[in-house]
Amino acid sequence: MRRPTILSALPLLLLLAAPASVAAQELLGFTDRSAAAQIDLERRYDALLRPENLESWMRELTDRPFYVASPGARENARFLVDLFRAWGYETEIATYQVLFPTPKERRLEMVAPVRYRARLEEPAVAGDASSRVSGRLPTYNAYSADGDVTGELVYVNYGVPADYEELERRGISVAGKIVIARYGGSWRGIKPKVAAEHGAIGAILYSDPRDDGYWQGDVYPEGAYRNEWGVQRGAVQDMPRYPGDPLTPGVGATADAERYTVEESPTIMKIPVLPISWGDARPLLEQIGGPVAPPAWRGALPLTYHIGPGPARVRLRLAFDWSLQPAENIIARLPGATAPDEWVIRGNHRDGWAMGAMDPISGLVALLEEARAVGELARAGHRPDRTIIYAAWDAEEPGLLGSTEWAEHHADELRAKAVAYINTDASGRGFLSMGGSHTLERFINQVAADVPDPQTGVTIQQRARAARAVGGDDVLGSRDLPISPLGSGSDYTPFLQHLGIASLNLGFGGESGGGSYHSQYDSFEHYTRFGDPGFPYGIALARVAGRATLRLANADLVPLRFTNFADRVEEYLDDVKALAGRVRNDAERTNRLLAMDAFRLAADPRETYFAPDSAPPVPFLNFAPLENAVARLQDAAAAFDDDAARALERGVDPGTAVRVNALLIRTERLMTREEGLPRRPWFRHMIYAPGFYTGYGVKTLPGVREGLEEEGYAEAEAFVAHIAERLEAVTAALREASVLLR
């Protein structure tokens, strides 16, 4: 919605001073001599990239549906294996047996006050041959429960916890009802989870045109946005507990793995859930009565939004085939010349819900072109020092199954050998998005400062900086753009959150439109018209991710730097301290109001007095251990970063480099705690985690933050100590590395 403002302000902002290209500054992790060789290698790499390859591979990979275990998925797997082997990679298919339910029955009908049977299909559209291809998955939510339920409808806006607080204030209950929620505001799996916690017996999710339809722009096929019958498929298991195969948490889903039953799995949804289009939602919403929805709840359909319950009553009937299916990961390995037991892993998933051009093939074809060019350089004598592993993950869409099972299966080896993981997923045109471990913030900013933007000619870092400045971020005077902390939502999750491997997630967007997400209209035709016509940003993504991969593979000292990390942790600590103050003030204000209400009721003989419940007292949390740990970390980080720069300037002894690199690779592992987070031990990282009620959205310092949010104050105080302990371990490693470098 801000695009016209951003574009009008960019010409001025792009003239502002920004970091110089890497050729004119220190190349992070490299001595002067090796930096010159690396820069020359990257020039050769850039010269090899061809946008026509991306277009050709996308056409090939999206000419049939390729969901998990489909014929198209098997054909694509063999096609990818042949490509990687032709480019010189040791390539295998790593197969896991995962639970992938597909629908046997889907029925939604309104039974009162009028009858309507939902269409539940996406018709072909003019100008998109892909929309006529047979063999697609129907529209459904994977890991919904089986069920046949009938009940009154209640409209719950986005269906997040705050919406249920609003319902409670209005005296409206969803117990025994079926809720209808619009997509947006959180990850889709949160919506039925919260509905079930409040007693709902079923959930319907729909795409409102305000969020990704005609309110945003012309709809497909005239424009990029979701049309009347477009449906967002997607999984709805309780992924904030753990991602991956719902039956095998913590272990690879090999054929002989011990498994939960479907009924035992804690992540499979307990109520039936179905996604529908706004074309099917409109007749239902028109028949809901009760109070008018608050302004923030109103979508863009031509009707008055009411909350209910009823008089609309619907019957929702779903049944699934709960079979195990093979998830086939493509693993392509280029052994390192001098450090083969240090791995740089580069991944993008390969499965899609329907035609999957943007999600995931736009990112996958950039990875393929990157791998082709790196392979060609290796054949010409430029083999990387460290091993590079390219991975095309299967079964990401149902819940990060392929990557999670591989990471769990190889956990010990990955903890010992993985230097970093670089992820891409859906990508388009526009502005670079960078998320990941803050130990890589300085590094990826330097990479971004050396890649030109295809549209403006300035660097992609400068363009991203200008866009963020227009959006209100104070970034014009900073050396580095802060990168986003990662919650969940793509294949970096098992590497970062479970194993403690420094990770990045990269992609372009902001000018591609929207509306095709997880629908059959995410097609080659849609993408080449609206996503990235001509694939210039696909090449830009290959240049960014390729540089990051090659630099991590060739650096004399692994280019993790810690001043940015320490500063970000201090910011997160300030956030949770402020949150503790707000929670305390809110509790005190609530108790004052309750006391006043009790006094009024007791003084009025016409009223019956009932002692009101009080808000639980909020203790003053002792943040001193964490404050002290952060201060020591900042000192050690600054010292190490300086020591690393000086050591690279004078030249690093190879034996010393090996010992220092081993310490650096361990630092992200040291941020994890074996026992994990409360009620979800799979998530072990103490700095970043997806929120228990946000799904994809990140919670920083999650043990403290969620303890405060959920009134678990003893838990919050305990995690102050746990996080401090982990930061002290990182500090000790940095001090040891500094001693070695000196």
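Before going into details, it helps to say that this report is about the structure given with it. Values in this document were obtained by computation on a predicted structure and should not be read as measured data.

Next up on the list: the overall build of the protein chain. Tallying secondary structure elements over the protein chain gives 21 helices and 18 strands in all. For a compact globule of 742 residues, the expected C-alpha radius of gyration is about 27 Å, and the protein chain comes in at 26 Å, within 12% of that figure. In terms of overall dimensions, the protein chain has a C-alpha envelope of 85 × 65 × 60 Å along the principal axes. Taken over 742 residues, the protein chain has a buried fraction of 61%. Just so you have it, the protein chain exposes about 26,800 Å², and 51% of that area is on carbon and sulfur atoms.

Right, let's talk about the packing of aromatic side chains for a bit. Using the criterion set out here, one finds 23 aromatic pairs in the structure. Between tyrosine 89 and tyrosine 390, the aromatic rings sit 5.7 Å apart at their centres with planes inclined by 85 degrees, giving edge-to-face as the arrangement. Here tyrosine 89 is found in the loop between α4 (71–86) and β1 (90–99), whereas its partner tyrosine 390 is found in strand β13 (residues 386–393), with 301 residues between them in sequence. By relative accessible area, tyrosine 390 is classed as buried at 0%. Of the aromatic side chains, those joined through ring pairs into one cluster are Trp57, Phe84, Trp87, Tyr89 and Tyr390. The ring of tryptophan 343 has arginine 333 lying over it, and the distance from NZ or CZ to the ring centre is 5.0 Å.

Next up on the list: the pattern of salt bridges. Using the criterion set out here, one finds 52 salt bridges in the structure. Between lysine 577 and glutamate 627 there is a salt bridge; the shortest N-O distance is 2.7 Å. Here glutamate 627 lies in helix α18 (residues 624–650) and lysine 577 lies in helix α17 (residues 563–603), a separation of 50 residues in the sequence. Judged by its relative accessible area of 32%, glutamate 627 falls in the partly exposed class. The partner of lysine 699 in a salt bridge is glutamate 709, with the nearest N and O atoms 3.0 Å apart.

Right, let's talk about unusual backbone geometry for a bit. The amide bond that connects tyrosine 220 to the next residue, proline 221, takes the cis arrangement and shows omega of 15 degrees. In this structure, proline 221 sits in the loop between α7 (209–212) and β8 (234–235). Residue proline 309 is reached from glycine 308 by a cis peptide bond, and omega for that bond is 5 degrees. For proline 309, the location among the structural elements is in the loop between α8 (278–286) and β10 (313–321). Even without glycine at this site, tyrosine 143 takes up a positive phi of about 75 degrees. Among the structural elements, tyrosine 143 can be located in the loop between β4 (141–142) and β5 (147–155). A relative accessible area of 0% places tyrosine 143 in the buried class. Even without a glycine there, the phi angle at histidine 518 is positive, about 60 degrees.

The strand order across the open sheet built from 7 strands is β1-β11-β13-β12-β14-β16-β15, with neighbouring strands paired in mixed fashion. Edge positions in the sheet fall to β1 and β15 (430–436), since each of these pairs with one other strand and no more. Across the sheet, the mean angle separating the axes of adjacent strands is 20 degrees when strand polarity is ignored. Bridging between strand β12 (residues 339–349) and strand β14 (residues 418–424) involves 5 bridges; their strand directions are parallel. Following the sheet pairing, valine 344 is matched in β14 by alanine 420.

Among the 8 residues that make up β13, 8 are buried, leaving the element largely enclosed by the rest of the structure. For strand β11 (residues 324–334) and β13, the ladder comprises 5 bridges, and the chain directions are antiparallel. Bridging across to β13, isoleucine 330 finds its partner in alanine 392. Handedness of the crossover is the feature at issue here: the chain leaves β12, passes through helix α9 (residues 357–379), returns alongside β13, and the resulting connection is right-handed.

Ordered by their spatial adjacency, 7 strands build an open sheet running β3-β2-β10-β5-β6-β7-β9, and the pairing between neighbours is mixed. Where the open sheet ends on each side, the last strands, each with one partner, are β3 (116–117) and β9 (273–276). Bridge count between β5 and β10: 6 bridges; the pairing is antiparallel. Paired with valine 149 across the two strands is leucine 316, which belongs to β10.

This part takes up the environment of glutamine 325. If you trace the backbone, glutamine 325 turns up in strand β11. For glutamine 325, a relative accessible area of 24% translates into the label partly exposed. The spacing of glutamine 325 and arginine 259 is 66 residues in sequence and 14 Å in space, taken between C-alpha atoms. The contacts of glutamine 325, once residues within four sequence positions are left out, are Val68, Ala69, Tyr96, Gln97, Val98 and Phe100.

Cut-offs used in this document
- Residues numbered from 1 in each chain as written.
- Predicted model: local features only at pLDDT ≥ 70, side-chain atom pairs only at ≥ 80, totals over all residues.
- Heavy atoms only, no water.
- Helix = DSSP H or I, 4+ residues; strand = E, 2+ residues; numbered from the N terminus.
- Rg over C-alpha atoms; globule rule 2.2 N^0.38 Å.
- Buried < 20%, exposed > 50% of the residue type's maximum accessible area, 1.4 Å probe, protein only.
- Areas by Shrake-Rupley, 256 points an atom, 1.4 Å probe, with all protein chains shown as cover.
- Phe/Tyr/Trp six-rings, centres within 6.5 Å; stacked < 30°, edge-to-face > 60°.
- Lys NZ or Arg CZ within 6 Å of the ring centre and 35° of its normal.
- Salt bridge = Lys/Arg side-chain N within 4 Å of Asp/Glu carboxyl O.
- Pairing = 2+ DSSP bridges.
- Axes fitted to C-alpha atoms, helices over the stretch in contact; angles between N-to-C directions.
- Right-handed = clockwise from strand over helix to strand, strands pointing away.
- Contact = heavy atoms within 4.5 Å.

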